[in-house]
Amino acid sequence: MKTDLNIKKDVLDEIAWNPRLKNADISVDVYNGTVTLEGICESYAKKIAAERTAMRVGGVKKIVNNVEVRLPSKIEMNDAALEKNILYTLKWSASVPEETIRVHVRNGWVTIEGNVEFEFQKRAITRIVTDMSGVMGITNSVVIASDAATTFELKDKISVALKRNISSGEKINITVEGDKVILSGKVHSITEWFVAEQVAWAAPGINTVENRLEVSQE
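Residues numbered from 1 in each chain as written. Predicted model: local features only at pLDDT ≥ 70, side-chain atom pairs only at ≥ 80, totals over all residues. Heavy atoms only, no water.

1. Remarks on the overall build of the chain
Part 1 of the reasoning: When its secondary structure is counted, the chain shows 6 helices and 12 strands.
Part 2 of the reasoning: Its C-alpha atoms give the chain a radius of gyration of 19 Å, within 12% of the compact-globule value 17 Å for 218 residues.
Part 3 of the reasoning: Projected onto the principal axes, the alpha-carbon positions of the chain cover approximately 50 × 50 × 20 Å.
Part 4 of the reasoning: Contacts in the chain between residues at least 24 apart in sequence constitute 64% of all its contacts with a sequence separation of at least 6.
Part 5 of the reasoning: Total accessible area computed for the chain in this model is approximately 12,400 Å², and 50% of it derives from carbon and sulfur atoms. (Helix = DSSP H or I, 4+ residues; strand = E, 2+ residues; numbered from the N terminus. Rg over C-alpha atoms; globule rule 2.2 N^0.38 Å. Contact = heavy atoms within 4.5 Å. Areas by Shrake-Rupley, 256 points an atom, 1.4 Å probe, with all protein chains shown as cover.)

Structure below.
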């Protein structure tokens, strides 16, 4: 089993290996498998990239992302201009029903509201906005509105999908409460933890996934 020192070294090496994080000033601290990222980067996209990079490292159980975004003066823009750019970009995405989406920007922080039919559309909105210049952070409050299956059908379909996607799928407990899915039990890695959550999100009509899974290398 990796020690915290081993995990810290691996995370730092992985960050240094990622060309997207070139010139990012990021420090790493690890305690009982929980990785805390600190420092400064020049875009929200790099902040998220640092988190996802750390997530790939074996032995990581949780990530706390405290990296601060400081935009270069050359890409700073007022909120109205940023809001206009976001709406225009979403309009040209084949994954996003832009007519149901509302965007508000305050001090570079983007709040997105509205309705979509599938969770992948909500994720597409976050991905598109994350990569845009001038964004300091995102709150995605878009609601997934679709015809949900019965509780039994959802639980059965999620269970089958989990077993299909990850080796520890049979050890995961699934609870469905209306449009909410709760996952509990143990998985072998932070990658399986993430995949299990994405599998649950793929179920129709789900608006909330509460991931209580624990990462255990036992």
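2. Quick notes on unusual backbone geometry
If a residue is not glycine, its phi is most likely negative; likewise, a peptide bond is most likely trans.
Part 1 of the reasoning: Even without being a glycine, asparagine 23 presents a positive backbone phi close to 75°.
Part 2 of the reasoning: One can find asparagine 23 in the loop between α1 (4–17) and β1 (25–31).
Part 3 of the reasoning: Classification of asparagine 23 by relative accessible area gives exposed; the value is 71%.
Part 4 of the reasoning: Of note in this structure, asparagine 107 is not a glycine but carries a positive phi near 55°.
Part 5 of the reasoning: The residue asparagine 107 is located in the loop between β5 (101–106) and β6 (109–116) in this model. (Buried < 20%, exposed > 50% of the residue type's maximum accessible area, 1.4 Å probe, protein only.)

3. Description of the environment of arginine 52
Part 1 of the reasoning: Within the secondary structure, arginine 52 is located in helix α2 (residues 44–55).
Part 2 of the reasoning: Remark: the alpha-carbon pair of arginine 52 and tyrosine 31, spanning 21 residues in sequence, is separated by 18 Å.

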